[in-house]
Amino acid sequence: MFVVSIVIFVAVNLLPGDFAEAILGQGATPESVAKIRQDLGLDQPMVVRYFDWLVGMLTFDLGTSFAQLNFANFGGAGSVTVAEQIAPRLSNTMFLATVTACIAVPLAVTLGILAALYRNTAFDKAANMFTLSSISSPEFFMAYILILFLAVLNPIFPSLSNIFEGMPFSERLEKSMLPALTLTLVVTAHMMRMTRAAIINLLASPYIEMARLKGLSPMRVIVKHALPNALAPIINVIALNLAYLITGVVVVEVVFVYPGIGQLFVDSVKIRDIPVVQACCLIFAAAYILLNLTADILSIVSNPRLRHPK
Amino acid sequence: MSGLMFFAIVLIGLLIGAYVFRLGGQAVTGNAPKFRDMSFGEAFGFVFGAALLVWALYYYFQPKVLDTGVPNAGVVFFRWAVQGFIIAAIAAFVFRFLGRMVGTEGTKKLFRSMPLTAAFGILVIIIYAVVAVFAGVIAPYGQAEILGAANVMAGGDPALGGNPDYPLGTDQIGRDILSRLIFGAQNTVGIAFITTCLAFFIGGSLGFLAATLQGWLDQLLSRGVDVLMAIPSLIFALLLMTIASVWANELGIPLTIFMVLIIAVIDSTRVYRLARAVGLNIVVMDYIEAAKLRGEGLGYLVFKEILPNAMAPLLAEFGLRFCFVFLTIAALSFLGVGIQPPLADWGTMVRDLAPFINFAAFAPTAAVTPLLAAGAIALLTVAVNFVVDWMLHKSSGLKE
């Protein structure tokens, strides 16, 4: 985590050209450039700036967005800190990810179990083909197909999800339905295939044979005997996909103009707003690492053999 | 609310239908084992499938144009989808049939064991390769050539704002979309291919090196790769691309070269992981020991001993990696930092043409143009995935 923060910082600081010059434009005098650099602390060596940033990060002080500062200098209404800028966006993205996860995880696990139950039937083959196609198409293809069918041809959901604060929950849900569905399609496929594979892998085990010989129904064999043992790989895949949700969200947010952190990231990358870019990158990386860690812990918890080491 | 009611009624109807179907089956066949032992879920599956088929047939033969003169876009799209699916299936079948008839004994055998999906995948890959290589010959116009008319509708029907000269219409500044699609194959697929090769070269050689030498080099490389992998790849690529775009301006080197390098490096971390894992299993083999005792050099060990034995997993990974690289490039272009404008590229085309999709209800042909570019991307990745799936299935010998 620490090393990742260094990598991000160094990478961002490799951005040539300097924000001070960018603010002042063509007619910048050397004195004014120096002045702004001093204000922003850009005149200090890189190592000093890095530790300033890191300490700030740990105290949730993400610094001031350069762009906002610029705005304030030219008579705007006070500068906004990066934290203030990111917080609502982050909560929007989290909302989207939560909605998606609520739809995708139960759906994927159920479908995976059904596919394992009715393996090698028409249902399994159709599901296999469908999921393979939806894994391998780019997100924006899915997004536009959904817009075409659910927003343009049959106006069920709005195709632009402009969410603002103070919106009632139901409306918010409706507006973020299309991006959530797009992400669901992308994520469900992978989870479902892994669930199916994990369960089928176990079907050759002796205890499954035993359960079958006891005369249990196939559904019961799979849910009661195979599923608990397949839990660890399934949890792993779910966590991986949730991590993907947080990052894959960038493209989807751009398609639907959803005011989430992904869009903020793309926008600030374009205007070279260093503090915001750094903060976004770090948030993404942190989410990614945390989810992977959670997956490891959960898969240990779900397995009694690992829970009680000899 | 009525939609929910409708859904509930259909569901109840299907459940009853399933029950009746099973009961009827038992009565008609004199309690044959198939019906006697049929679970309710299975019966429901049969009835549901049949209902879906009936509905699809009914919907397929709906009139194309409503009474009011507005085209019934849903039906039009549905017909295209069904026709496309049937044509693809027939093409794959014919291709497989031809493969079984001509060629050497080895290829005939290969084709005989091939599922239809894999045949389809191979066919699509061959078509893409041909189009990509001969783009300049096939395309009617140049990729950056600005023709007279802008915003010509697709379909070539003058009554609907089309033009027979441009079968798929032209874009906002009057470039022929068909030509750009064809050149897009060359640019997008070509660049993705080069990038994947580069990623495999970097990741593969470093991975094998780490596996062979081990010690501090292995530690250093592996920890470095861990750090790089901790940052989500698309985010990292976006970040680096932004930096590179400024450099590219200053140094006058095309941005595309930077993109190839950046994505290759990011993806090579994944290749490195695989190559190292496979390599570690191989270096403990006796023949490596023998080669070491013979006094062979490092290059010989890596390229003559380890590489041939690691070929199979690496090839499968190559297909998957190609898909990822291809999708990453498309996503970057879509976000506006990938392949740059004068070159035709599918990702950029989708973004530029996306507004057309809102006209779908009035003019189905107009809405199709952005989907064509996106569909071209999807089709290739699906095809590659089908083939890789089949290869893995074949090599692992999985039967279940």
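Keep in mind the model is a prediction, meaning the values are calculated, not measured. (Residues numbered from 1 in each chain as written. Chains lettered and ligands numbered in written order. Predicted model: local features only at pLDDT ≥ 70, side-chain atom pairs only at ≥ 80, totals over all residues. Heavy atoms only, no water.)

Quick word on the overall build of chain B
Rule in force here: Counting from the N terminus, the helices are the DSSP runs of H or I reaching at least four residues and the strands are the DSSP runs of E reaching at least two. Accessibility here uses a 1.4 Å probe with only protein chains present; expressed as a share of the type maximum, an area under 20% marks a residue as buried, one over 50% as exposed, and anything in between as partly exposed. The contact criterion used is simple: two residues touch if any of their non-hydrogen atoms lie within 4.5 Å. Note on areas: Shrake-Rupley with a 1.4 Å probe; residue coverage comes only from the protein chains shown.
Scanning chain B from terminus to terminus reveals 16 helices and zero strands. Burial analysis of chain B (400 residues in total) assigns 44% to the buried set. Considering only contacts within chain B whose residues lie at least 6 apart along the sequence, 64% involve residues at least 24 apart. On chain B, roughly 20100 Å² of surface is accessible, and the fraction owed to carbon and sulfur atoms is 72%.

Quick look at the overall build of chain A
When helices and strands are counted, chain A shows 15 helices and zero strands. Looking at chain A as a whole, 47% of its 310 residues are labelled buried. Excluding contacts between residues fewer than 6 apart, the proportion of contacts in chain A whose partners are at least 24 apart in sequence is 70%.

What about the UniProt feature "transmembrane region" (unreviewed entry) in chain A?
Threshold: UniProt positions are given in the numbering used here, feature names are shortened, and annotations may be inferred rather than shown by experiment.
Per the UniProt record, the feature "transmembrane region" (unreviewed entry) sits at residues 94–118, 139–157, 230–256 and 276–301 of chain A. Secondary structure content for residues 94–118 of chain A is 96% helix and 0% strand, while the C-alpha to C-alpha distance between its ends is 35 Å.

Side note on the packing of helix α14 (residues 311–335) of chain B against helix α15 (residues 346–353) of chain B
All names here are of chain B. Stated formally: The convention used is that axes are lines fitted to C-alpha atoms, helices contributing only their stretch in contact, and that angles between N-to-C directions extend from 0 to 180 degrees. Crossings are assigned a handedness: left-handed for a near helix turned anticlockwise from the far helix by less than a right angle, right-handed for a clockwise turn. Three classes are used, and their members are as follows: Ala, Val, Leu, Ile, Met, Phe, Trp, Tyr, Cys and Pro are nonpolar, Asp, Glu, Lys and Arg are charged, and the others, Gly among them, are polar.
It is the contact of α14 with α15, at a shortest axis distance of 7 Å, that shows an interaxial angle of 40°. Taken as a pair, α14 and α15 cross one another with a handedness that is right-handed. Across the interface between the two elements, F326, A330, S333, F334 and L335 from α14 touch W346, G347, T348, V350 and R351 from α15. In the contact of α14 with α15, the residues fall into six nonpolar, three polar and one charged.

Examining helix α13 (residues 298–309) of chain B
For an α-helix, the turn length of 3.6 residues means that residues three or four places apart are oriented alike. All names here are of chain B. What counts is decided by this rule: A helix is expected to span 1.5 Å for every residue after the first. Taking the helix axis as origin, the arc is that swept by the directions to the C-beta atoms.
If you check α13, its first and last C-alpha atoms are 16 Å apart, about what 12 residues at 1.5 Å a residue would give, namely 16 Å. Residues of α13 that are buried include every one of L301, V302, E305 and I306, and no others. Projected down its long axis, α13 shows its buried positions confined to an angular sector of 130°, all on one face. Among the structural elements, α8 (177–213), α11 (255–283) and α12 (286–294) are those in contact with the buried residues of α13.

Re α15 of chain B
Across the eight residues that make up α15 of chain B, a large majority, six, are buried. Of all the residues in α15 of chain B, the buried ones are W346, G347, T348, M349, V350 and L353 of chain B.

Quick look at the confidence of the model for chain B
Inclusion rule: Confidence of the predictor at the level of single residues is captured by pLDDT, which takes values from 0 to 100.
Taken over all residues, the pLDDT of chain B has a mean of 76, while the share at 70 or more is 80%. For this predicted complex, the interface confidence comes out at an ipTM of 0.71, alongside a pTM of 0.75.

Considerations on the environment of L114 of chain A
Residue and element names in this part refer to chain A. Looking at where L114 falls in the secondary structure, it is placed in helix α6 (residues 82–117). When its relative accessible area of 28% is taken as the criterion, L114 is described as partly exposed. Spatially, the C-alpha atoms of L114 and A127 are 10.0 Å apart, while their sequence positions differ by 13 residues.

Description of the nonpolar core
Threshold: Among buried residues, the Ala, Val, Leu, Ile, Met, Phe, Trp, Tyr and Cys ones that are joined through side-chain atoms within 4.5 Å form a nonpolar core.
Core analysis: the biggest nonpolar cluster contains 122 residues, and F140, Y144, V255 and F265 of chain A together with L332 and W346 of chain B have the highest contact counts within it. Per-element accounting of this core gives the leading share, 17 residues, to helix α12 (residues 218–256) of chain A. In contact with W346 of chain B, other than residues within four places in its own chain, are Y128, R180, L181, G184, A185, T188, V189, F326, A373, A376 and I377 of chain B. F208, V271, V283 and V302 of chain B belong to the second-largest nonpolar core, a separate cluster that totals 15 residues.

Here we look at the pattern of salt bridges
Residue and element names in this part refer to chain B. How we decide: Between Lys or Arg on one side and Asp or Glu on the other, a salt bridge is scored when a side-chain nitrogen of the former is within 4 Å of a carboxyl oxygen of the latter.
Scanning all chains against the criterion turns up five salt bridges over all chains. Across the pair E305 and R294 runs a salt bridge, and its minimum N-O distance is 3.6 Å. Of the two residues, E305 is situated in helix α13 and R294 in helix α12; the sequence distance between them amounts to 11 residues. Across the pair E317 and R321 runs a salt bridge, and its minimum N-O distance is 3.2 Å. Taken together, the positions of E317 and R321, both in helix α14 and four residues apart, correspond to about one turn of that helix.

Re the confidence of the model for chain A
All names here are of chain A. Of all residues in chain A, 61% have pLDDT values of 70 or greater, and the mean over the chain is 69. The spread of mean pLDDT over the elements of chain A runs between helix α2 (residues 19–24), the lowest at 44, and helix α11 (residues 206–213), the highest at 83. The low-confidence segment residues 14–28 (pLDDT under 50) makes 32 contacts with residues lying over four places distant or belonging to another chain. In this model residues 68–79 is a low-confidence stretch, pLDDT under 50, and it forms 13 contacts with partners more than four residues away in sequence or in other chains.

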